[in-house]
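A closer look at the structure
Spelled out, the chains give:
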Amino acid sequence: MFARICPPLVGEWCAKAASKSWTDSTILQTRMYRSHKNIRPPSKSKLNYVRKPTPRDPWETEFLQEKYKHYRTQMKSLSAMFKAELEGKTGGISLEDAEKQAQEEHQSAMEWNRQENQRVRHIREARQAREAAEDLKKRLTMKLTKEEQAIELMAKREEIVRIEKEASKTFISLDTLDEAIERALATPVDYNFSINKEGQKIYKNEKIERFALDNDMVEPQ
């Protein structure tokens, strides 16, 4: 209601109240921008200009001043009422005691938070140490397994090399080529044979009876 009746006065009061919440950086920044003074002379049309004061109605001024006093009284009453209501919610203690109690509760909560962080840190460090030990054990096991596999592979390779060396003794070289040819001619091998049911080899030059040929022989495919 008062704002509708006296907008200029309320605007001035709001501007003064808002000016109290300015930060130092804002003030410094404003001063920095205002430090550049205008050194240019006024224009010729405004050399002899004198601003005329805004006309004010005496009755209206007196009325607004009286209403402003009422407004201040009402604001004080509301502030006292809210303060009493706040004290009632805080158990009937004063605002200073309530603030002190809130500060103590905050300190207690911070202490509990510190203890909880310390407890969780101990648990985390123990878990990390356990995981590091398990990881080291796993790495050692993998290393031993790889070493065993490498030893087995080396043993298999050495066995293959030994077998190949033993087999190389029977290989035919240029020095033993003539001897191998003479031995092959001296001991001919005939692969033209048949096999009966008992697994016996029957060669072509052997004399066999007719019924044995009919009953026991298995003709080659």
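Residues numbered from 1 in each chain as written. Predicted model: local features only at pLDDT ≥ 70, side-chain atom pairs only at ≥ 80, totals over all residues. Heavy atoms only, no water.

**Describing helix α4 (residues 58-89)**
Three or four residues apart is the spacing at which side chains of an α-helix point the same way, because the helix has 3.6 residues per turn. The terminal C-alpha atoms of α4, which comprises 32 residues, lie 47 Å apart, in line with the 46 Å expected from a rise of 1.5 Å per residue. Residues of α4 that are buried: T61, L64 and Y71. (Helix = DSSP H or I, 4+ residues; strand = E, 2+ residues; numbered from the N terminus. Expected span 1.5 Å × (residues − 1). Buried < 20%, exposed > 50% of the residue type's maximum accessible area, 1.4 Å probe, protein only.)

**A look at the pattern of salt bridges**
All chains considered together, the criterion is met by eight salt bridges. Close ionic contact of R127 with E131 constitutes a salt bridge, the shortest N to O distance being 3.4 Å. Taken together, the positions of R127 and E131, both in helix α5 (residues 95-168) and four residues apart, correspond to about one turn of that helix. Taking relative accessible area as the criterion, R127 reaches 33% and is therefore assigned partly exposed. The partner of R139 in a salt bridge is D135, with the nearest N and O atoms 2.8 Å apart. Placement of both R139 and D135 in helix α5 is noted, with a separation of four residues, approximately one turn of the helix. (Salt bridge = Lys/Arg side-chain N within 4 Å of Asp/Glu carboxyl O.)

**Remarks on the packing of aromatic side chains**
The description of an aromatic ring pair uses the distance of the two centres, along with the angle that the planes make with each other. Applying the stated criterion across every chain, the model contains two aromatic pairs. On the numbers, 6.4 Å between centres and 25° between planes, the contact of Y68 with Y71 is stacked. One end of the pair is Y68 and the other is Y71, both in helix α4 and three residues apart, which spans about a single turn. With relative accessibility at 21%, the residue Y68 sits in the partly exposed group. (Phe/Tyr/Trp six-rings, centres within 6.5 Å; stacked < 30°, edge-to-face > 60°.)

**Observations concerning the environment of D190**
Mapping D190 onto the fold places it in the loop between α6 (177-186) and β1 (193-195). With 14 residues separating them in the primary sequence, D190 and K204 have C-alpha atoms 9.5 Å apart.

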